[in-house]
Amino acid sequence: MNEEGLATDPLAQLLAWLDEARESVPQADAMTLATADASGRPSARIVLLRGIDERGLAFFTNLTSRKADELRQNPRAAVVLHWWELGRQVRVEGAVVEVSDEESTAYWKRRPRASQIAGWASPQSQSLADRSDMDARVAEVEERFDGGEVLLPPFWGGYRLVPDSIEFWTHQDNRLHDRIRFIRSGAAWSQERLAP
Ligand SMILES: Cc1cc2nc3c(=O)[nH]c(=O)nc-3n(C[C@H](O)[C@H](O)[C@H](O)COP(=O)(O)O)c2cc1C
């Protein structure tokens, strides 16, 4: 990988890599999302990248989950995408904002009904008595909606990671991997090469 081969806009470059990954990598949209609480204690989990444009990277989740709680305390995050088959890694860091209700609703409507029911039924990240506790919650939600439209829950929605740093990494067999990091300064991006 060299500087000339990369787009000047790192979000466009990420989209190009993502398109390639989608052709050959199962679950290419899965990314590790790291957040931290107000004391700086970190936590990480996988979420799906569900939208990428010039504003940043969108993902959707339960707004009462641990990650959402941490994002309220500390609205910054880092994500990592790794495509082993392509020998590529992308690291993104930045501030996190909530997406609009319209955007969350538009995404919610595209989800399969079973995922919508699960979204209502699951008090994500809270303790459950046992598996039957969850099954009972699902049955209760199914009965409540009774075959009708399953609306967006008030406790569910999306976030957008607004990047201020995006690093592209490519594998080299001799371990002298290539790393090029873009740093945002205002509306422009600058670039630097990092040692592997
Ligand atoms: C492949 C994969 C994709 C996932 N996608 C999402 C997602 O898009 N949104 C989500 O809330 N959780 C997703 N999860 C579940 C999360 O990893 C996690 O268990 C959950 O969000 C609770 O995390 P938290 O307690 O840190 O908030 C996914 C898990 C895997 C393995």
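As shown above, the structure is provided for reference.
Residues numbered from 1 in each chain as written. Predicted model: local features only at pLDDT ≥ 70, side-chain atom pairs only at ≥ 80, totals over all residues. Heavy atoms only, no water.

Peer 1: Tell me about the packing of aromatic side chains, and please be specific about residues and values.
Peer 2: Inspection of the entire model under this criterion finds nine aromatic pairs. Pairing W120 with F145 gives two aromatic rings, centres 5.4 Å apart and planes at 55 degrees, and the pair type is tilted. In this pair, W120 sits in helix α4 (residues 113–121) while F145 sits in helix α5 (residues 131–145), placing the two residues 25 residues apart along the sequence. With respect to burial, W120 and F145 carry one shared label: buried. Here the aromatic residues F60, Y107, W108 and W156 are joined through ring pairs into a cluster of three or more. (Phe/Tyr/Trp six-rings, centres within 6.5 Å; stacked < 30°, edge-to-face > 60°. Helix = DSSP H or I, 4+ residues; strand = E, 2+ residues; numbered from the N terminus. Buried < 20%, exposed > 50% of the residue type's maximum accessible area, 1.4 Å probe, protein only.)

Peer 1: Explain helix α3 (residues 101–110) to me, and be specific about the residues and the numbers.
Peer 2: Think of an α-helix as 3.6 residues a turn; residues three or four steps apart then line up on the same face. Every buried residue of α3 is accounted for by S104, Y107 and W108. End-on view of α3: buried residues confined to an arc of 105 degrees, all on one side of the axis. Exposed residues on α3 whose side chains face more than 90 degrees from its buried face are E102, K109 and R110. (Arc of directions from axis to C-beta.)

Peer 1: Describe helix α2 (residues 66–73), and please don't skip the residues or the numbers.
Peer 2: When we look at burial in α2, the residues that qualify are K67, A68, E70 and L71. Within α2, the buried residues cover an arc of 160 degrees as seen down the axis, which keeps them to one side. In this structure, the buried side of α2 is in contact with β1 (30–36), β2 (42–48), β4 (56–62), β5 (76–83), β6 (88–98) and β7 (156–170). (Contact = heavy atoms within 4.5 Å.)

Peer 1: Got a sec to walk through the nonpolar core? Specific residues and values, please.
Peer 2: Residues L14, M31, L57, L81, W83, V90 and V92 are the most contacted members of the largest nonpolar core, which totals 32 residues. Every element with two or more residues in this core is listed here: α1 (10–24), β1, β4, α2, β5, β6, β7 and β8 (178–185). The element best represented in this core is α1, accounting for five residues. Setting aside chain neighbours within four positions, we find V90 in contact with L14, W17, V79, V80, L81, W83, I166, E167 and F168. Counting residues in hydrophobic clusters, the runner-up holds 13 residues, among them Y107, A121, M134 and W156. (Core = buried A, V, L, I, M, F, W, Y, C linked by side-chain atoms within 4.5 Å.)

Peer 1: Tell me what's going on with the packing of α4 against α5, and back it up with residues and numbers.
Peer 2: The packing of two helices is summarised by the inter-axis angle and the distance between the axes. In the contact formed by α4 and α5, the axes pass within 9 Å of each other and the chain directions differ by 115 degrees. Judged on the interaxial angle alone, α5 and α4 are roughly perpendicular. Here the hand of the crossing between α4 and α5 comes out right-handed. Seen from α4, the contacting residues are R113, I117, W120 and A121; seen from α5, they are M134, R137, V138, V141, E142, R144 and F145. Of the residues belonging to the contact of α4 with α5, the class tally is seven nonpolar, no polar and four charged. (Axes fitted to C-alpha atoms, helices over the stretch in contact; angles between N-to-C directions. Parallel < 35°, antiparallel > 145°, perpendicular 65-115°, else oblique. Left-handed = near helix turned anticlockwise from the far one by under 90°. Nonpolar A, V, L, I, M, F, W, Y, C, P; charged D, E, K, R; others polar.)

Peer 1: Help me get a handle on the environment of P123, residues and values and all.
Peer 2: Among the secondary structure elements, P123 is positioned in the loop between α4 and α5. With a relative accessible area of 21%, P123 lands in the partly exposed category. The spacing of P123 and S190 is 67 residues in sequence and 42 Å in space, taken between C-alpha atoms. The contacts of P123, once residues within four sequence positions are left out, are L128, M134 and R137.

Peer 1: Please provide a residue-by-residue account of the pairing of β5, values included.
Peer 2: Only one face of β5 is buried, namely the one carrying A77, V79, L81 and W83, since none of R76, A78, V80 and H82 on the opposite face is buried. Where β1 lies against β5, three bridges are found, and the strand directions are antiparallel. Across the sheet, A34 pairs through a bridge with A78, a residue of β5. Two elements, β5 and β6, share eight bridges in a ladder whose sense is antiparallel. Paired with V80 across the strands is R91, a residue of β6. (Pairing = 2+ DSSP bridges.)

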